[in-house]
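# Inside the fold
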Amino acid sequence: MPPGLRALPRPVAVVVSAGGVLGAAHVGVGYALSERGFAPDMIIGTSVGALTGAIVAAHPSGAAPWLDGVWTRLRRREVYPLGYLPSRASIFTDRGLRRLIARSGLPSRIEDLPVPFTAVAMDLATGAPALLDHGDLESALLASAAVPGMLPPVRREGRTLVDGGLIAHVPVLAALRAGAASVVVLSTGPGGSVSRRAVPHRRAGAIAARAWMLALHHQIERDLDSVSRHVPTVVLPTGIETWPAPWDFGHAQRMISTAHRSAGQFLDGLRVSGPGLYRLEGPSAGSPGAGGATTPSLSRSAL
């Protein structure tokens, strides 16, 4: 295990972000961690990160190859199948996700996972995060991934729950609440960095996308800053410069291999010394810094 990983105080939480189709990058980062002998003490996931995290929690030593095979064969109609809907609550049914969960070799209850696990959803009534760390596993994963309007909300323990990415795209606050002494973040997508271009294209779609990206960026940065004031918080890079559209499942192999390489280089150079935010600095949080440098730097001094 590289010195940086060995230096992380225990228990270490792996935090797996939301991101939909971009979650293929999680697999490449998982390969890099596994090859270096790293094993988390707990896993916290949101949306697609909850499904990925639950599979890793169920199969700590062999999840990456299985996830690789799933992602490289996955197609949109398998995740978002059209069909008869019992209500008007969503465009798609959750049959695809249910089938994927059923063939993942998961136990029926969260408590039976070998590695402690929490799925993060959002309470649709209050807007508060719902930290699902016990009880039925399938409903927890469906709730965490229930994108409003696209997939149906989930009724669980008297609450109506939807996608946790709305309130915790990168659920590091949940990791701190769970007692983590350090955090390793598997994030995806361009939400970690936003172009400094001030004026977007004058089209409704571009304006909406820019506004959403800014809101997501500020949520992520706020949560990372808050947690890194207390514990070492390592954000693993993916090296991916161009991300596919949310409905395009044809880029999984590229994302897996790029993230595998970038995260591995980062981990081999990582050095950890106390609380702080450890990640690559540069124009893109998902790629090496300016000039292609891969030496990790502490973005804020230990407090």
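Residues numbered from 1 in each chain as written. Predicted model: local features only at pLDDT ≥ 70, side-chain atom pairs only at ≥ 80, totals over all residues. Heavy atoms only, no water.

Let us look at the overall build of the chain. Counting secondary structure elements, the chain contains ten helices and ten strands. Looking at the 303 residues of the chain, the share that counts as buried comes to 52%. A sequence separation of at least 24 residues applies to 73% of the contacts in the chain between residues at least 6 apart. Counting every atom, the chain has about 13,500 Å² of accessible surface; 56% of that belongs to carbon and sulfur. (Helix = DSSP H or I, 4+ residues; strand = E, 2+ residues; numbered from the N terminus. Buried < 20%, exposed > 50% of the residue type's maximum accessible area, 1.4 Å probe, protein only. Contact = heavy atoms within 4.5 Å. Areas by Shrake-Rupley, 256 points an atom, 1.4 Å probe, with all protein chains shown as cover.)

For the peptide bond that leads from Arg-10 to Pro-11, omega is 0°, which places it in the cis range. Relative to the helices and strands, Pro-11 resides in the loop between α1 (3–6) and β1 (12–16). Backbone geometry places Ser-47, a non-glycine residue, at a positive phi of 55°. Note that Ser-47 resides in the loop between β2 (42–46) and α3 (48–58). Judged by relative accessible area, which is 8%, Ser-47 ranks as buried.

Once that is clear, we can look at the pattern of salt bridges. Applying the stated rule across the entire model yields ten salt bridges. A salt bridge links Arg-109 to Glu-111; the nearest nitrogen and oxygen atoms lie 3.1 Å apart. Judged by its relative accessible area of 43%, Glu-111 is partly exposed. One connected set of salt bridges, linked through shared partners, spans Glu-35, Arg-36 and Asp-268. (Salt bridge = Lys/Arg side-chain N within 4 Å of Asp/Glu carboxyl O.)

All right, on to the environment of Pro-237 then. Checked against the element boundaries, Pro-237 lands in the loop between β8 (232–236) and α10 (252–269). Of the residues examined, Pro-237 reaches a relative accessible area of 1% and is grouped as buried. For the pair Pro-237 and Val-29, spaced 208 residues apart in sequence, the C-alpha separation works out to 8.1 Å.

Right, let's get into the packing of α3 against helix α7 (residues 137–144). Running from N to C, α3 and α7 point in directions that differ by 150°, and their axes come no closer than 7 Å. Comparing the axis directions of α3 and α7 gives the class roughly antiparallel. The two elements α3 and α7 meet at a crossing, and its hand is right-handed. Here α3 contributes Ala-50, Leu-51 and Ala-54 to the contact with α7, which in turn contributes Leu-137, Leu-141 and Ser-144. Residue classes in the contact of α3 with α7 are distributed as five nonpolar, one polar and no charged. (Axes fitted to C-alpha atoms, helices over the stretch in contact; angles between N-to-C directions. Parallel < 35°, antiparallel > 145°, perpendicular 65-115°, else oblique. Left-handed = near helix turned anticlockwise from the far one by under 90°. Nonpolar A, V, L, I, M, F, W, Y, C, P; charged D, E, K, R; others polar.)

What follows deals with the nonpolar core. One recurring pattern in soluble globular proteins: nonpolar side chains tend to sit buried together. Formed by 71 residues in total, the largest nonpolar core has its most connected members in Trp-71, Phe-117, Leu-141 and Leu-236. Not counting residues up to four positions away in its chain, the partners in contact with Leu-236 are Val-29, Leu-33, Val-184, Val-185, Leu-186, Phe-266 and Leu-267. Grouped together as the second largest cluster of nonpolar side chains are 20 residues, Val-15, Met-42, Ala-180 and Val-185 included. (Core = buried A, V, L, I, M, F, W, Y, C linked by side-chain atoms within 4.5 Å.)

Taken residue by residue, helix α6 (residues 95–102) has Gly-96, Leu-97, Leu-100 and Ile-101 as its buried positions. Buried residues of α6, viewed axially, fall in a sector of 135°; they line one side. Of the surrounding secondary structure, the elements contacted by the buried residues of α6 are α3, α4 (63–73), α5 (76–79) and α7. (Arc of directions from axis to C-beta.)

It is worth spelling out the pairing of strand β7 (residues 182–186) at this point. With respect to burial, β7 is a largely interior element, five of its five residues being buried. Both faces of β7 are covered, namely the face carrying Ser-182, Val-184 and Leu-186 and the face carrying Val-183 and Val-185. Summarising the sheet, β7 and β8 pair through four bridges and their orientation is parallel. Within β8, the position partnered with Val-183 by the bridge is Thr-233. (Pairing = 2+ DSSP bridges.)

Among all positions in α4, only Ala-63, Ala-64, Leu-67, Asp-68, Gly-69, Val-70 and Trp-71 are buried. Taken together, the buried residues of α4 touch α2 (24–35), α3, α6 and α10.

This brings us to the environment of Leu-166. Structurally, the position occupied by Leu-166 is in the loop between β6 (159–163) and α8 (172–177). Between the C-alpha atom of Leu-166 and that of Ala-18, which follows or precedes it by 148 residues, the distance is 9.1 Å. Setting aside anything within four residues of it in sequence, one finds Leu-166 in contact with Met-122, Pro-148 and Gln-219.

Counting buried residues in β1 gives five out of five residues, a clear majority hidden from the surface. Covered by surrounding structure in β1 are Val-12, Val-14 and Val-16 together with Ala-13 and Val-15, the residues of both alternating faces. Of the strand pairs in this sheet, β1 and β7 are connected by five bridges, and their pairing is parallel. In the strand pairing of β7, Val-15 is matched with Val-185. In this structure, β1 lies alongside β2, joined through four bridges in parallel fashion. Its bridge partner being in β2, Val-16 is matched across the sheet by Gly-45. For the segment spanning β1, α2 and β2, crossover handedness is right-handed. (Right-handed = clockwise from strand over helix to strand, strands pointing away.)

Read these as layout, nothing more, since geometry by itself doesn't imply function.
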